[in-house]
Each structure stands twice: as structure tokens, then as C-alpha cells.
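Per-entry structural report
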Amino acid sequence: MSSSTPPTNTPLTYDQAGVNYDLIDPLKIAAQRAAAATGAHLGGHGFSEVGASRGESAYVVDVGPMYLASIVECLGTKTLVADEMAKLTGKSYYDGIAQDTIAMAVNDLITVGATPLVVQAYWAAGGSDWFNDAQRSQALVAGWKKACDTCQVAWGGGETPALAGIVADGRVDLAASCTGIISPKTRLSVGDKLGAGDAIVFLAASGIHANGLSLARKLAERLPKGYLTDIGNGQTYGEALLAPTVLYSPVTEALAQAGITPHYCANVTGHGWRKLMRHAKTLTYRITQVPPKTAVLDFMQRECQLDDHEAYGTLNMGAGFALYLAADQAERGVEISRGLGIDAWVAGRVEEGPKRVVIEPLGVAFEGDELQLR
């Protein structure tokens, strides 16, 4: 055991895994403020930004008859798990990794009410040799194509640089950008209609998705069998971590077809359930029904010895996406999602009160100052 690895009888937190949002978020806030000063440039082209989209998960521009939305997202370190599992099993997991990468962009884009149209790929390898592994490369291409088909988007192209000295040898850094439209304009969802009385509907996660992998990899270092550890359901830890992220755009498109426009949406990624209070409004988000944890997150919470505040403030804990719907449309929203094979629950409600998330069944609360994204 290295000196940097905590003993197995001590809790393992996200900070110990090398990720500290208190250090990262100030940069994000500074960048958002600098970026806001550039929005006026759109006027010279005859367009304008939707100011309320600043600080949201996707940026929105008014182009006249419709809105244009865009996003770029990096996958993160999930490829490291896939690479280690390939060594241990001889299998390639890059078809699922491809879906994870697209999901990071698409699931953010749809929060503002957009229909995804085009995805672009960024695959930066540590050297040209990375692309010479035919099994891995073919899996990446096939998975990317399949995810595009699921989301009904065009794969427009991409960039495949070999960045020796920047990306580690034998590794790859994956990212995706996505562009979509909001049409009709009434589908725009940036929280202006969000308010007390709205229902909070959770859409089920498939596992860890693509956030919290630094913690997951740190845990693997102290498991006796590492990624091959059985998590108790017949799956190995590595297999369970590599379950592809759910693509939620079929649900949001089906909601639109049914005439349901969310008052707000949150992609539950980094910051866990603290993301539920992402919007700037001062409201209380009261959760009265906690969805079941996926097996891998239950295993991680137990093995990392995370209390509920740490676990639910870091990981998705079974809820991958949140819809804030008019109360009389919530059950219909659940029905639509379940009809597409994605479990869903009416998990709680929005109330007047201080900015906080209250998870009643767990006795856990997150205060507004625990999430500073704007």
C-alpha cells in the first residue's frame, strides 16, 4: 500500500481522490463572468444570446425563428477503468465508453429544452499507436454510431490528434460537442417557470455514469481483488463501473411530443444531488422518495465508508436526471419515461424557502452555499 492510499478501515472521500470542487469552481465562475462579456458580439451578426442560459448546462442563442443551443463536454477518467479492465479480461469496453462521452454532452444539452442535432468527436491519444488497436478503435466507432442513432443525431465529424507529452502514452482523452435547436421556442427551459409547487421527477441512472470515477479508481486500489472484486450481484466492480451512461434525450423528446415542457431540468453529474439546486432562484427542493441505489453505488458508499451527506453530495446515487414538472404532469412524465425503458419516480416537490435540498428520508440537507456554479 502506498503512503498516499488511506488504510482500508478509514473513509475514502472525493477530496482524497484528488478532486476538490472548492478549487475547481472558482475558475469556472471566473470563466463564466469573462464569457458573459462576449455575448454582445452576437449583435453584430444579427443574433442575441439568451442571457438566462449563462451558467446553465448549455448555452442558448436566439437566431430568429428558433433557438440554437450548444455544449462541449469531456468524458474524464472513465477510460482508465476501461483500459485496466481490458488488461484483466481481454475485452474492449470502448463501445460503452463512446456512449458515456456522447451522454456527457447530450444530457447537458437537453436540460434547456433542446433537440440534439449534431455531435462532433474529439479523441486525443497519447500517440498514434493508440489508434492501431483495431478491437478498441472499432468498438469506439461502433459505440459512437450507436449512441448517435439512439439520440437521432448526425455525427458531423471530429478531431483525432496524437498528443505525445500532453496525453499519457497508451491513454486517450475523449470529448464531444453537441449542437441542437429549441423549436418551437416555447420549449426553452431555463428556469423562468420554475417555482413552488413543481414536482421533482427523477430518471433512473444505470450506475456511476461518468462522474465520481476518480473516487472509484482510488477505491479499486484498496480492494483485495481490485476491479475484479464481486460487488455482491454477480458483477465485478470494474464491469459495474463501466455500465454506459443513460442517454435521456429520447425521454425529453417524448415529453415534448406529449405537450409537456419541463419548468427546469438538471443533469445529475458532479456535485451529486447538490445539482438539484443549480438554478439561481431561492427555493427549497424537498425529496420525499429516494430511488433505489444502483448496486455499484451502494457498494462504493459502503466500501468508502461515506455517510449519506458525502455520498449524495458527490454521486448520482441512482438518480441520473431530474425533471421539474407542473404537478399535474408529473405522473404522466413518469409513465412516458418508463414506457421508454427508463425507470422514473415522482421524488419530491419545490417549495418556497431558503435555497437548499432536503432529503427527508435520509435526514440530509445541502445548503445553497454548497453549490456555487454561477
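What counts, and where the lines are drawn
- Residues numbered from 1 in each chain as written.
- Predicted model: local features only at pLDDT ≥ 70, side-chain atom pairs only at ≥ 80, totals over all residues.
- Heavy atoms only, no water.
- Core = buried A, V, L, I, M, F, W, Y, C linked by side-chain atoms within 4.5 Å.
- Buried < 20%, exposed > 50% of the residue type's maximum accessible area, 1.4 Å probe, protein only.
- Helix = DSSP H or I, 4+ residues; strand = E, 2+ residues; numbered from the N terminus.
- Contact = heavy atoms within 4.5 Å.
- Salt bridge = Lys/Arg side-chain N within 4 Å of Asp/Glu carboxyl O.
- Pairing = 2+ DSSP bridges.
- Axes fitted to C-alpha atoms, helices over the stretch in contact; angles between N-to-C directions.
- Expected span 1.5 Å × (residues − 1).
- pLDDT = per-residue confidence, 0-100.

1. Some points on the nonpolar core
- Counting residues in hydrophobic clusters, the biggest one holds 111 residues, and the most contacted among them are W144, F202, Y237, W273, M300 and Y324.
- Looking at which element gives the most residues to this core, the answer is helix α3 (residues 94–109), with nine residues.
- Once you skip the residues sitting within four places of it in the chain, F202 turns out to touch W273, L276, I287, P291, A319, F321, A322, D343, A344, W345 and A347.

2. A short note on the pattern of salt bridges
- Using the criterion set out here, one finds 18 salt bridges in the structure.
- Residue R171 is joined to E84 by a salt bridge in which the shortest nitrogen-to-oxygen separation is 3.5 Å. Here R171 is found in the loop between β5 (154–159) and β6 (172–182), whereas its partner E84 is found in helix α2 (residues 78–89), with 87 residues between them in sequence.
- When its relative accessible area of 25% is taken as the criterion, E84 is described as partly exposed.
- Measuring nitrogen to oxygen at the nearest pair gives 2.7 Å for the salt bridge that ties R349 to E351.
- Exposure remark for R349: the relative accessible area of 37% places this residue in the partly exposed category.

3. Considering the sheet that holds strand β10 (residues 319–325)
- Within the open sheet, the seven strands sit side by side as β8-β10-β7-β11-β9-β12-β13. Their pairing is mixed. Single-partner strands in this sheet number two, and they are β8 (264–267) and β13 (364–367). Here the average twist between neighbouring strands, direction ignored, is 20°.
- Pairing geometry for strand β9 (residues 283–287) and strand β11 (residues 344–352), over five bridges, is antiparallel. What sits directly across from R286, in β11, is R349.

4. Things to note about the environment of G270
- As for its position among the elements, G270 is in the loop between β8 and β9.
- Classification of G270 by relative accessible area gives buried; the value is 5%.
- Sequence separation between G270 and N211 is 59 residues, and the spatial gap between their C-alpha atoms is 5.7 Å.

5. Here we look at the environment of V119
- Assignment of secondary structure puts V119 in strand β4 (residues 115–125).
- You can call V119 buried: its relative accessible area is 0%.
- For the pair V119 and E73, spaced 46 residues apart in the sequence, the C-alpha separation amounts to 11 Å.
- In this view, V119 contacts I102, V106, W144, C148, V153, A154, W155, G156, G157, A176, S177 and C178; residues no more than four positions away in its chain are not counted.

6. Considering α2
- Counted at 1.5 Å a residue, the expected span for α2 with its twelve residues is 16 Å, and the 17 Å between its end C-alpha atoms agrees.
- Burial in α2 covers these residues: K78, T79, V81, A82, D83 and M85.
- The inward-facing, buried residues of α2 contact α3, α4 (134–151), β6, α5 (213–222) and α6 (237–241).
- Just downstream of α2, G90 is the residue with a positive phi angle, here 80°.

7. Description of the confidence of the model for the chain
- Residues of the chain with pLDDT of at least 70 account for 95%, and the chain-wide mean is 94.
- Within the model, pLDDT remains below 50 along residues 1–6, and this stretch shows ten contacts once partners closer than five positions in the same chain are excluded.

8. Structural notes on the environment of G313
- By the element assignment, G313 lies in the loop between α9 (308–312) and β10.
- G313 sits in the buried class, given a relative accessible area of 2%.
- Each C-alpha atom of the pair G313 and A280 lies 18 Å from the other, and the pair is 33 residues apart in sequence.

9. Let's talk about the pairing of β4
- Where β4 and β6 come together, ten bridges link them in antiparallel fashion. Directly across from A121, in β6, lies its bridge partner A176.
- Bridge count between β4 and β5: five bridges; the pairing is parallel. Note that in β5 the partner of Y122 across the bridge is E159.

10. A short note on unusual backbone geometry
- At the junction of S183 and P184, the peptide bond is cis and its omega measures out at 0° in the coordinates.
- Along the chain, P184 falls in the loop between β6 and β7 (199–204).
- Its identity as a non-glycine residue notwithstanding, Q152 has a phi of 55°, on the positive side.
- Notably, M317 is not glycine yet its phi reads approximately 50°, a positive angle.
- Residue M317 is classed as buried on the basis of its relative accessible area of 0%.

11. Remarks on the sheet that holds strand β2 (residues 59–62)
- Taking strand neighbours across the sheet as the criterion, the six strands line up as β1-β2-β3-β6-β4-β5 in an open arrangement whose pairing is mixed. Strands at the two margins of the open sheet, each flanked by one partner only, are β1 (48–49) and β5.
- As paired strands, β1 and β2 are joined by two bridges and run antiparallel to one another. What sits directly across from E49, in β2, is V61.
- Across the sheet, α3 touches β3 (67–74), β4 and β6, and the angle it forms with β6 is around 40°.
- Lying over the sheet, α4 contacts β4, β5 and β6, oriented at roughly 165° with respect to β4.

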